[in-house]
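# Observations on chain architecture
Single-letter residue listing:
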Amino acid sequence: MTVPQPPTPPGLRVEDLAGNAARNRTEMVVRYALTGAAGMSVLISTAIIVVLLRDAVGFITTIRLGDLGDSIWNPRLGRFGVMSPILGTLWVTLVAVLVAGPIGLGAAVYLSEYASPRLRRIVKPVVEVLASIPSVVVGYFAIRFLAPEVVQRLFSGAPAKNLLVAGIAVGLLTIPLMTSVAEDALRAVPSSLREASYGLGAKKVTTVVRVVIPAAVSGLVAGLILSISRAIGETMVVFLAAGGVPTRPTSPLDGGTTITAAMAAVATGTDNVAGASNTFQSAFFLGLILFALTLSLNLVADRFVRRVRQKY
Amino acid sequence: MALVDSDLTRDLVRARIQGRQSDAAGAAFKGILVACLVTVLAALVALLISVAPAGLDVFSTRGLSDFLLRPFSVRPDKAGVYQGTVGTVTSAVLVAVIAFPMGVAAAVYLEEYASDNWFTRLVNLVIRNLAGVPAIVYGLLGFALFVNGPFSSLTGGTTLLSTGLTLAILVLPIVVITSAEAIRAVPASLREGGYGVGATRWEVTRTLVLPNAMGGMLTGTILALARALGEAAPLFFMGAKTSIFSGGDWFDLRGDFTALPMIISDWSTRPATKWNGNTQAAILVTLVLVLGINTVGIVLRNHFDKKR
Amino acid sequence: MSGGASTTTAEPGPVPPVYRTEDLAVFYGSFKAVRDVNLEIRQNEITAFIGPSGCGKSTVLRCFNRMNDLIESARVEGRLTYHGVDLYDRAVNPVEVRRRIGMVFQKPNPFPKSIYENIAYGPRLAGLARKGPEMDEIVENSLRAAALWDEVKDRLKASAFGLSGGQQQRLCIARALAVGPEVLLMDEPCSALDPIATGRIEDLMQQIKQDYTIIIVTHNMQQAARVSDHCAFFTTEVSEESDTRTGVLVEFDATQQMFSNPSDERTENYVTGRFG
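Calculation rules
Residues numbered from 1 in each chain as written. Chains lettered and ligands numbered in written order. Predicted model: local features only at pLDDT ≥ 70, side-chain atom pairs only at ≥ 80, totals over all residues. Heavy atoms only, no water. Axes fitted to C-alpha atoms, helices over the stretch in contact; angles between N-to-C directions. Helix = DSSP H or I, 4+ residues; strand = E, 2+ residues; numbered from the N terminus. Parallel < 35°, antiparallel > 145°, perpendicular 65-115°, else oblique. Left-handed = near helix turned anticlockwise from the far one by under 90°. Contact = heavy atoms within 4.5 Å. Nonpolar A, V, L, I, M, F, W, Y, C, P; charged D, E, K, R; others polar. pLDDT = per-residue confidence, 0-100. Domains from an automatic or database assignment. Buried area = accessible area lost by both parts, 1.4 Å probe. Salt bridge = Lys/Arg side-chain N within 4 Å of Asp/Glu carboxyl O. Polar contact = N/O pair within 3.5 Å; in protein donor to acceptor, adjacent residues only side chain to side chain.

### Section: the packing of helix α3 (residues 115-126) of chain C against helix α6 (residues 165-177) of chain C
Residue and element names in this part refer to chain C. Contact pair α3 / α6: the axes reach a minimum separation of 7 Å and the direction vectors enclose 30 degrees. One element, α3, and the other, α6, form an angle in the roughly parallel class. At the point where α3 passes α6, the crossing takes the right-handed sense. From α3, I115, N118 and I119 reach across to α6, where they touch L171, A174 and R175. Tallied by class, residues from the contact of α3 with α6 come to 4 nonpolar, 1 polar and 1 charged.

### A few points about the confidence of the model for chain A
Residue and element names in this part refer to chain A. Considering every residue of chain A, the mean pLDDT works out to 87; 93% of them sit at 70 or more. Across chain A, the secondary-structure element scoring lowest on mean pLDDT is helix α3 (residues 117-132), at 85, and the one scoring highest is helix α2 (residues 83-114), at 94. Every residue in residues 1-9 is under pLDDT 50, and counting partners more than four places away or in other chains gives 18 contacts.

### Regarding unusual backbone geometry
Phi is positive for D23 of chain C, close to 50 degrees, though the residue is something other than glycine. With respect to the helices, strands and loops of the structure, D23 of chain C is situated in strand β1 (residues 19-28).

### Quick word on the domain arrangement of chain A
Residue and element names in this part refer to chain A. Once the domains are mapped, chain A shows domain 1 (14-61) and domain 2 (68-308). Every contact between the two is made by 10 residues of domain 1 and, on the other side, 10 residues of domain 2. Among the residues domain 1 hides against domain 2, the three largest losses belong to L52, D55 and F59. Together they make up 62% of the total. At the boundary of domain 1 and domain 2, one finds 0 salt bridges. Applying the counting rule to domain 1 against domain 2 returns 1 residue pair in polar contact (both at pLDDT 80 or more). Along the lines of polarity and charge, the residues of the side of domain 1 that touches domain 2 split into 8 nonpolar, 1 polar and 1 charged.

### Points about the pattern of salt bridges
Taken as a whole and judged by the stated rule, the model has 42 salt bridges over all chains. Residue D66 of chain B pairs with R70 of chain B through a salt bridge whose shortest N-O separation is 2.8 Å. Between R75 of chain C and E77 of chain C there is a salt bridge, with the nearest N and O atoms lying 3.3 Å from each other. Taken together, the shared-partner salt bridges in this structure form one network comprising R35, D36, E237, D264 and R266 of chain C.

### Regarding the packing of α3 of chain A against helix α5 (residues 163-187) of chain A
Residues and elements named next belong to chain A. Remark: α3 packs on α5, axes separated minimally by 8 Å, with the N-to-C direction vectors making an angle of 140 degrees. By the criterion of interaxial angle, the relationship of α3 to α5 is oblique. Considering how the two elements wind past one another, α3 and α5 form a crossing that is left-handed. Of the residues in α5, those in contact with R120, K124, V127, L130 and A131 of α3 are L172, P176, E183 and R187. Broken down by class, the residue content of the contact of α3 with α5 amounts to 5 nonpolar, no polar and 4 charged.

Structural data, given as structure tokens:
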């Protein structure tokens, strides 16, 4: 060292820089409280998994595993054919995605690539209104309008309540989610890509279809997966509109039930929710399947969303 | 990735050379997109129209207040949604009171306090995934915790308190995510100013960050509240009543209760000839509540977006 | 040297330095942002940090009041003492450090509050005064010290955003002075201002220099030459193997000396405008 070490002036000691004790204490208490609040989410997730596992296992131990292969799901009668609600869920989800995927994507492309800012400002809130309509209201709409006015006109002889009606209505509910995720993905595509395409003399449609959409594909896939997950978890619409039929559906025009509707059905019929019977526990068994399905879909979607973030 | 793929370039060049300038494809494509958007709007209009007329009939023949102020009855012309409205509004208040502070606190932790460690990553992961858990699963959780579980002596079982707590857990991830976004939008220079004059982390958060993010956080919470208010699926497991019961008055947190979405669900399945009017009327009451709260949220958000 | 030289002359030697760094280096994660910083900051002087962008001068400045603590990946090696106390000692609270060592930032960043509340914010949190005449006095004195009082005394309750850029920056200086610091760190305080506002800030620095020790980071060599007593020149070195740029302190000397007769060729190239 070229400069000699100066003596510490009598003024300052380390303790002088320790800060005000009361303020330090407040800071520490707040930090603990906030950490605790954040930790709540971990507790909640743990509780969900513990609760589902506990009662699902409780349920499994009271039945013979072969019972799960039954063709009928009616736990009150001791019929545990789990394929009935699973197939019902698959049909409803398939229909819902066929409705929400293209329409939601189309609306998103229009809003992101074609609509003027003014039109966007008007249309976006309308889509948000659709998103905020309670699903039980959409369920009512399904049984009082979609079923008689749309589905039964197209397919005469279809029962009033069926998986197709439920699927279409769930699709309607899912459109806003699809639209908003897809729009975000499209808007994340840098305008330099569009300009490069126009620079080559490409028309708008060519630019959108061959440049913008391929560039946004990760986000669009994420939107689709999230829509699937949302459709699988929707309860009220299917509870009201699918018919609650306990057999395995063979076509979407059959009445049926789904994982969620079957769970709800277990808790209805009496105003007093029952406790530990295996009828009631079957809801937890279905809940575990539902949770596993939606969680894995959400994790996959998350992957795709991250890919979008990394790219741009 | 190449900026624009070479196939495209070739096609474009070929189109130019051959002089094909068909705009038909472009017009058709745009037409399809418009059709998608119109379908969405048409569905919304059809929905609103289909749930209105019979309900408005009920309001005009019985009077709005009669429908709003009467409890359950076996007679459609006497049945009202008083208990349901009370239950829905009360549980919404409970949700706001519980989920807002909890959600904001968690968001503050994540955005202002957390360092990049396993706990923070876990919390982030968990919150993102909780937001995607179906509502009915929260019903099971609420049942196992509050209705018939460790906290049932506190909540009284199938009560509004259980419902409020369950719905608060349901919307908590949404409140956290939107609050975190609002906090993230607060400019770093503001925080620096506070730290620069010797404010502690909490002082910076309390006096500078939170006031600045309040708009976004309130908006997020209000939108989450609207969602909780219309949610019916968890109520199956909360023991919401669908037939005559005594009680269900304002802030009767530990008694029997019901809520509007549950009433709609139950009345929809009753014989339409007698109950359709009431069902629609109940839907209208719910929509006014939900859409009203949503409008407040959206207006607030636009207001704060403009200010930024 | 035996303890307690009590004169406040600016002559090097007798007065112990305010700051002293020994082989100070700052890392962001595994990236070494700046290294080999050895310098002393003297009391009641203005010290300027100059150098091309990315040379780590702001990074070093932000160590001097532990502002770098707010960047999670930031890590400090070497030794940084403030009046002989290791600033990175475990017992040192960065909050207290920042109260004693004020900071003014590149862009004026007043709080979205009234002019009065901008100044009162720090003293209130530090418990120097609650409200009333005591606080009024702090506010007035701080605004006077920052040469802003006459311009704003009639609109103390008005929003700080109504002020011009230069006024906002002086408000930020007043805000920093209000908590009674000894040192003022200024991170390119004039880069967002026009020449007239810049001139007023430079005049102000000369005025308050008798009460404060000032360190200023600047891109502007003329500014450094105009206002500073000592000058530290930083530059970047590109590491061959990792292809990363690391800032390094090239020369630290009296400003006069540095601009007229630099000892390092790189300094000479920079101050004569041949590079940077």
